Amino acid sequence: MSIEVKIPDIGDFKDIPIIEILVKEGDTIGAEDPIVSLESDKATMEVPSPSAGVIEKILVKVGDKVSEGSPVLLLKGEAEAKAPAAAPSAGAAPSADTAALMPKQEPDPAAPSAPPVPAAPASSAPDFSNVHASPAVRRLARELGVDLTTIKGTGEKGRITKEDVKGTLVRSAAPAASAGAVAPAGGMGIPEIPAVDFSKFGPTEVKPLARIKKISGPHLHRAWLNVPLVTHSDESDITDTDAYRKELDTAGKDKGYRVTLLSFLIKAAVSALRQHPEFNSSLNPEKDALILKKYYNIGVAVDTPDGLVVPVVKDADRKGIVEISQELGSLSKKARDGKLGSGDMQGATFTISSLGGIGGTGFTPLVNAPEVAILGVVRSKMAPVWNGSEFKPRLMLPLSVSYDHRVIDGALAARFTRHLAHVLEDVRRLVV
Amino acid sequence: MSNEVRLPDIGDFKNVPVIEVLVKAGDTIAVDDTIIVLESDKATMDVPSSVAGKVAEVKVQPGDKVTQGDLILVLEGAAAGTGQAKPEVAEKAAPAQTSAGGSPLAAGTGQAGYGSPATAGGTGASAAPAPKGAAPVSGEEMRAEVLVLGAGPGGYTAAFRAADLGKKVILVERWPSLGGVCLNVGCIPSKALLHAAKVIDESQAMASHGISFAAPQIDIDQLRSWKEGVVKRLTGGLGGLAKQRKVTVVTGTARFVSPHQIEVEHEGKKTIIGFDNAVIAAGSEPIKMPFIPHDDPRVIDSTGALELDGVPKRLLVIGGGIIGLEMATVYHALGSKVTIVELMDQIIPGADKDIVTPLFKRISKQYEAIHLKAKVTAVEALPEGLKVTFEGGSAPATDTFDKILVSVGRRPNGKLINAEAAGVAVDERGFIPVDKQMRTTAPHIFAIGDVVGQPMLAHKAVHEGKVAAEAAAGKNSFFDAKVIPSVAYTDPEVAWVGLSETEAKAKGIKVGKGVFPWAASGRSLSLGRDEGITKVLFDEESNRIVGCGIVGPSAGDLIAEAALAIEMGADAEDIGLTIHPHPTLSETVGMAAEAFEGTITDLYMPKKKAH
């Protein structure tokens, strides 16, 4: 018996597109071997096979949307699969093509020079005799070379219309449009970057993009194209805050967690978001109203060997520095181990991208749409700061806030960033 | 192949548009001559030819996008640049063309762009493609872009359509007048005589309704000349249409001598005509039987019957199909005593029995005898008559008739045109196999009409002719009609289209039917007739109409609605909800659909479907 392999419980998801089929018909697979990859909003999931066997038939294709219980493939149990395959059907009538390849026997030796003639013309034209399309639609399909037997009619009672026929041409001209997660290549009238054969100029190697990059690419592209983005820069004197951080970090080390500046950044961000609720919002789809969020979930961009992921610290307004630090520790570990669940990466209202561990003097973070703002921080550095009478060495942290200008104006962004800097300068302001 | 010029390496470009084509078929080019100009992002590029030779065909046109390796030109001659054709190959491929002056150009199809590999391997064995264009080559007296063989309804339609699409067309016909069997000795003259028969029958039928006429005085010569007048008017009109379109009409009997040449013989004079594309519309002819003395003038076929050479006292019609029954109708009206002998268990074997029964009942009363499941085994020509020996059915052992009409079917003329010389396959029965574009095994030669298969009907040939002409002109035209209606112009007429009940049963297709008996049609009763039936068959699942059979006066005109409904994919509701004018016979189609739906009120029917 063949087993029908279905999509297992994949959490709170429905109609998730299949982005990759990892097996093909005839493959022998073991239990738990991944069979397809699904792509939810932010995560990809591999669906494992429930048992070992030989794949008899794959019932889905890339781009299909599946939910829990959707059939994926037919698996033939191992024992059965080892049985000899059915003998190829013998005595099948030669196909038209085969017949056409066999020149007609010339029975009359008196006329041996006549050109050999096949018995029947070879034709590969599809048969339209059973399609639900009027004669004019059939003619149009022939003119355009469209196979009506592969089209689903949108007309009354499933009738194929002229528009359906023309529609297939539009779709085939832009095959990218239907796949959903693909980059809007040329779809907005943007000319494609022409393909270049780089190997003409020197040796090259093609390395497929990591899965996360493949997924995040279109998302980032979408954000880049959709959000009119402005970056506002400021800096904050975190000399005192960092001293306090070190105290907490020393204390935490013994208990198995570290306290980084990121925890303070999260708390400061929440403070600034409370003060400026527009930053904690999204545009509604009609783009005529703001959806203000009454919760504070802060996404944190984390660099992993496979690429950038953004786990979310939920309800950051209700968590203290220590709790946030502990949560960050566990989220980062999960991220690096590739074990983040999709729930860990959903629901952010604001995002922080911290490159402080690496360096830099400033950058333009890209707003993680549909959020409307993002904070980018780089490495703090000791700088001489004029305090009115003298230069003092102070630890200065550059802040870059990128925002969606449709939602946030420059002045508001300046106030938001200043508030952020102000809070970071003296963490006692966090509790005010 | 060395006679192809492909796009060379043009650097890092793909799908570059062609902005200019500098050569045309027939040009002689040298190595490095510029053949096309491409336009990339910023530059235009001249593309040189890699070989020398004579251009047979240019495969690209301005606007096409090309990439390295795409076919640009086909040159003549495999040994490109040497200019040497291979006469021995050419002779091999075209043995029958001595009259063509041994032109080596005749061999090879030159249609490298399409066709089955077998065709390319067969006719293309000699690599010299035929010259393109309409200029005659040596040995040819004329040259056509599209040559149509046969001027019947299919042939003249193909010729006219091709001419309208800008092709130089030659139409070859063996008879002096255009129109083929249909116009000259088929559909049209028979309809003229059937009209006469109808007037005679109806005038007699009126006696029982209170109007009596004297017995008709039939002047057979005048009737014949009226019929001939009708034919002349139509065929003359065709001649005019051909002239207006500048279609050259050549009279004579044609046979292929090579894949691109035909020899036309007329009154002993032979003419070679070259062509790029040909459409074979050679038609069919009545089947002759070995045991029948066809030489005897008293044995006639449909053509002889339409000549109206007297009215026999006793006429035997062999074959109870459409043609035999129509002629029987005419001769019966003119006063002959008619006997019909049919091999099958019903007359008009293609139609459902219930649709044929009203006709059978009526003519059973009118005619002397109808013998089903019977056959003629011998005919002896005696001075006093034709002595016929029968076998089977209700037929007597022997009987003697004044005339015999043989109407047992028609045989395609595929074997009469030496199609093999052109690489066109003809099956053992004389049919020419074609694909949906009407292409034969030689892709540049098309065949249409009776010569490609059943049903042998003019309206099928006409549509096929258009497809062939359009395909020859480079259009993506296919024969995609779902159904071809058939009509017997008997009294009552019998017409059917699409699936018949018998066929559905044989194929295991589930159909539902709606039947409307004309006894409930006011219009039919007011015509003095009540035997008609309209039966419509529907797909059980989709309720879409799949077939229709109608018997009754004007059934042939009514069947067109069913044909349109099938092509449009109409279902029972669509037909039933279409308001048909009252009182007409066309109402019966709507009523039959309602009968299927169970919504009919003009009949009381046990409920079939809940509505």
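The name that an unreviewed UniProt entry assigns to chain B is Dihydrolipoyl dehydrogenase, with the source organism given as Methylobacterium variabile. Checking UniProt for chain B, the heading Sequence similarities (unreviewed entry) contains the comment "Belongs to the class-I pyridine nucleotide-disulfide oxidoreductase family."

Going by what an unreviewed UniProt entry lists, chain A is known as Acetyltransferase component of pyruvate dehydrogenase complex and is assigned to Methylobacterium variabile. Here is the UniProt Function (unreviewed entry) comment for chain A, exactly as written: "The pyruvate dehydrogenase complex catalyzes the overall conversion of pyruvate to acetyl-CoA and CO(2). It contains multiple copies of three enzymatic components: pyruvate dehydrogenase (E1), dihydrolipoamide acetyltransferase (E2) and lipoamide dehydrogenase (E3)." You can read under Catalytic activity (unreviewed entry) in the UniProt record for chain A the words "N(6)-[(R)-dihydrolipoyl]-L-lysyl-[protein] + acetyl-CoA = N(6)-[(R)-S(8)-acetyldihydrolipoyl]-L-lysyl-[protein] + CoA".

1. Section: the overall build of chain B
When its secondary structure is counted, chain B shows 15 helices and 30 strands. For chain B, with 611 residues in total, the buried portion stands at 51%. Long-range contacts, defined here as pairs at least 24 residues apart, represent 61% of the contacts in chain B between residues at least 6 apart. Accessible area of chain B: about 26,700 Å², with a carbon and sulfur share of 54%.

2. A closer look at the pairing of strand β20 (residues 375–382) of chain B
Residue and element names in this part refer to chain B. Of the strand pairs in this sheet, β20 and strand β21 (residues 385–391) are connected by seven bridges, and their pairing is antiparallel. Counterpart to Val376 in the pairing with β21 is Phe390. Here β20 folds back onto β21 in antiparallel fashion, the turn holding two residues.

3. Describing the packing of helix α5 (residues 187–205) of chain B against helix α6 (residues 220–244) of chain B
Residues and elements named next belong to chain B. Direction vectors running N to C along α5 and α6 enclose 140°, while the axes themselves pass 9 Å from each other. Comparing their axes, α6 and α5 come out oblique. The crossing of α5 and α6 is right-handed. Where α5 abuts α6, its residues Ile188, Pro189, Ala192, Leu193, His195 and Ala196 lie against Leu223, Trp226, Lys227, Val230, Val231 and Leu234. Among the residues making up the contact of α5 with α6, the classes are represented as 10 nonpolar, one polar and one charged.

4. So, the packing of helix α7 (residues 261–275) of chain A against helix α8 (residues 321–336) of chain A
Helix-helix packing: each pair is described by the crossing angle between the helix axes and the interaxial distance. Residue and element names in this part refer to chain A. At their nearest, the axes of α7 and α8 sit 9 Å apart, and the two run at 120° to each other. With respect to α8, the axis of α7 lies oblique. Here α7 and α8 pass one another in a crossing that is right-handed. Along the contact surface, α7 presents Leu262, Ser263, Phe264, Ile266 and Lys267, while α8 presents Ile321, Ile324, Ser325 and Leu328. For the contact of α7 with α8, the residue count by class is six nonpolar, two polar and one charged.

5. Notes on the sheet that holds strand β1 (residues 2–6) of chain A
Residue and element names in this part refer to chain A. Across the sheet, four strands lie side by side as β1-β8-β6-β3; this open sheet has antiparallel pairing. The open sheet has two free edges, formed respectively by β1 and β3 (28–29), since each of these has just one partner strand. Pairing analysis gives two bridges linking β3 to strand β6 (residues 53–58), with the strands arranged antiparallel. Note on β6: the bridge partner recorded for Ile29 is Gly53.

6. Concerning the sheet that holds strand β2 (residues 16–21) of chain B
All names here are of chain B. In spatial order, the strands read β5-β4-β2-β7; together these four strands make up an open sheet with antiparallel pairing. The sheet terminates laterally at β5 (44–48) and β7 (65–66), the two strands that pair on one side only. Pairing analysis gives five bridges linking strand β4 (residues 34–39) to β5, with the strands arranged antiparallel. When the sheet's bridge partners are listed, Leu38 is paired in β5 with Met45.

The rules behind the values
- Residues numbered from 1 in each chain as written.
- Chains lettered and ligands numbered in written order.
- Predicted model: local features only at pLDDT ≥ 70, side-chain atom pairs only at ≥ 80, totals over all residues.
- Heavy atoms only, no water.
- UniProt positions renumbered as here; feature names shortened; annotations may be inferred.
- Helix = DSSP H or I, 4+ residues; strand = E, 2+ residues; numbered from the N terminus.
- Buried < 20%, exposed > 50% of the residue type's maximum accessible area, 1.4 Å probe, protein only.
- Contact = heavy atoms within 4.5 Å.
- Areas by Shrake-Rupley, 256 points an atom, 1.4 Å probe, with all protein chains shown as cover.
- Pairing = 2+ DSSP bridges.
- Axes fitted to C-alpha atoms, helices over the stretch in contact; angles between N-to-C directions.
- Parallel < 35°, antiparallel > 145°, perpendicular 65-115°, else oblique.
- Left-handed = near helix turned anticlockwise from the far one by under 90°.
- Nonpolar A, V, L, I, M, F, W, Y, C, P; charged D, E, K, R; others polar.

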